[in-house]
Amino acid sequence: MEKTLVIIKPDGVKRHLVGKIIQRFEEKGLVITALKMETLTLSLLEEHYNHLVTRPFFSELVDYMTSGPVVILILTGENAIEIVRKMVGTTNPLQAEIGSIRGQYGLSHTENVIHASDSTAAAQAEIQRFFK
Ligand code: IDP
Ligand code: MG
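Looking at an unreviewed UniProt entry, the chain carries the name nucleoside-diphosphate kinase, with the source organism given as Enterococcus lemanii. What UniProt states about the chain under its Sequence similarities (unreviewed entry) heading is, verbatim, "Belongs to the NDK family." Of the comments in the UniProt record for the chain, the one headed Cofactor (unreviewed entry) reads "Mg(2+)".

Colleague: If you had to explain the pairing of strand β1 (residues 2-8) to someone new, which residues and values would you point to?
Modeller: Burial within β1 is extensive, with 5 of its 7 residues counted as buried. Where β1 and strand β3 (residues 70-77) come together, 7 bridges link them in antiparallel fashion. Within β3, the residue paired with T4 across the bridge is L75. Pairing analysis gives 3 bridges linking β1 to strand β4 (residues 114-116), with the strands arranged antiparallel. Note on β4: the bridge partner recorded for I8 is I114.

Colleague: Could you give me a rundown of the sheet that holds β4, with the residues and numbers involved?
Modeller: Sheet strands line up and pair through hydrogen bonds in the backbone, either parallel or antiparallel. If you walk across this open sheet you meet the 4 strands as β2-β3-β1-β4, and the pairing is antiparallel. Where the open sheet ends on each side, the last strands, each with one partner, are β2 (31-38) and β4. Neighbour to neighbour, the strand axes of the sheet diverge by 15 degrees on average, direction disregarded. Sheet strands touched by helix α5 (residues 80-88): β1, β3 and β4. Its angle to β1, the strand with the most contacts, is close to 30 degrees. Sheet contacts for helix α7 (residues 120-130): β1, β2, β3 and β4; angle to β1, the most-contacted strand, approximately 60 degrees.

Colleague: Can you lay out the packing of aromatic side chains for me, pointing to particular residues and giving the numbers?
Modeller: This model, assessed by the stated rule, comprises 0 aromatic pairs. Lying across the ring of F131, K36 places its NZ or CZ 4.7 Å from the centre.

Colleague: Outline the site of ligand 1, supporting the account with residue identities and numerical values.
Modeller: Within the structure, ligand 1 sits among K9, Y49, H51, L52, F57, L61, R85, T91, R102, H109, T110 and N112. At 2.9 Å from an oxygen atom of ligand 1 is found a side-chain nitrogen or oxygen belonging to K9. In the complex, 83% of the free accessible area of ligand 1, which totals 520 Å², lies under the protein chains. Taken together, the residues that form the shell around ligand 1 break down as 4 nonpolar, 5 polar and 3 charged.

Colleague: I'd like a description of helix α2 (residues 18-28), backed by residues and values.
Modeller: Those residues of α2 not exposed but buried are I21, I22 and F25. Here the buried residues of α2 occupy an arc of 95 degrees about the axis, which is enough to place them on one side. In the core, the buried residues of α2 are packed alongside β1, β2, β3, α5, α6 (101-105) and β4. Of the residues trailing α2, G29 is marked for its positive phi of about 110 degrees.

Criteria and cut-off values
- Residues numbered from 1 in each chain as written.
- Chains lettered and ligands numbered in written order.
- Predicted model: local features only at pLDDT ≥ 70, side-chain atom pairs only at ≥ 80, totals over all residues.
- Heavy atoms only, no water.
- UniProt positions renumbered as here; feature names shortened; annotations may be inferred.
- Buried < 20%, exposed > 50% of the residue type's maximum accessible area, 1.4 Å probe, protein only.
- Helix = DSSP H or I, 4+ residues; strand = E, 2+ residues; numbered from the N terminus.
- Pairing = 2+ DSSP bridges.
- Axes fitted to C-alpha atoms, helices over the stretch in contact; angles between N-to-C directions.
- Contact = heavy atoms within 4.5 Å.
- Phe/Tyr/Trp six-rings, centres within 6.5 Å; stacked < 30°, edge-to-face > 60°.
- Lys NZ or Arg CZ within 6 Å of the ring centre and 35° of its normal.
- Near = heavy atom within 4 Å.
- Polar contact = N/O pair within 3.5 Å; in protein donor to acceptor, adjacent residues only side chain to side chain.
- Areas by Shrake-Rupley, 256 points an atom, 1.4 Å probe, with all protein chains shown as cover.
- Nonpolar A, V, L, I, M, F, W, Y, C, P; charged D, E, K, R; others polar.
- Arc of directions from axis to C-beta.

Structural data, given as structure tokens:
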């Protein structure tokens, strides 16, 4: 069994998509093993998006990610990391398959509704980071 971390971003919460998104994961067969709502801080985001701090869109990303509460969950299941990334779709909703979560609900490259861990190492680090 694998564990992965998902964040329903502030636009997803504001647009009342939490139930719909969680339903997709549950219907797939993934199990929610932790769940909470909170507003993220700058220091946590600088750690979480460390690979992006030098990018020109970083301040826009931080403003967006701190603009309201997010829903953070751990999903557990066989091959959960890869399956959840597939269900989430590629970063830019313009390129995401229309059946994926970003493909169905996203319009903006920055405000793309959802985050999911992209590797075993990332999943372990992110679970530690958000559920200390
Ligand atoms: P991921 O969320 O698909 O793993 P990352 O490259 O890790 O993609 O980027 C983290 C987040 O930063 C994205 O989900 C998106 O919100 C934002 N982002 C990434 N690349 C861009 C970009 O080129 N323009 C604007 N926002 C971006
Ligand atoms: Mg990423």
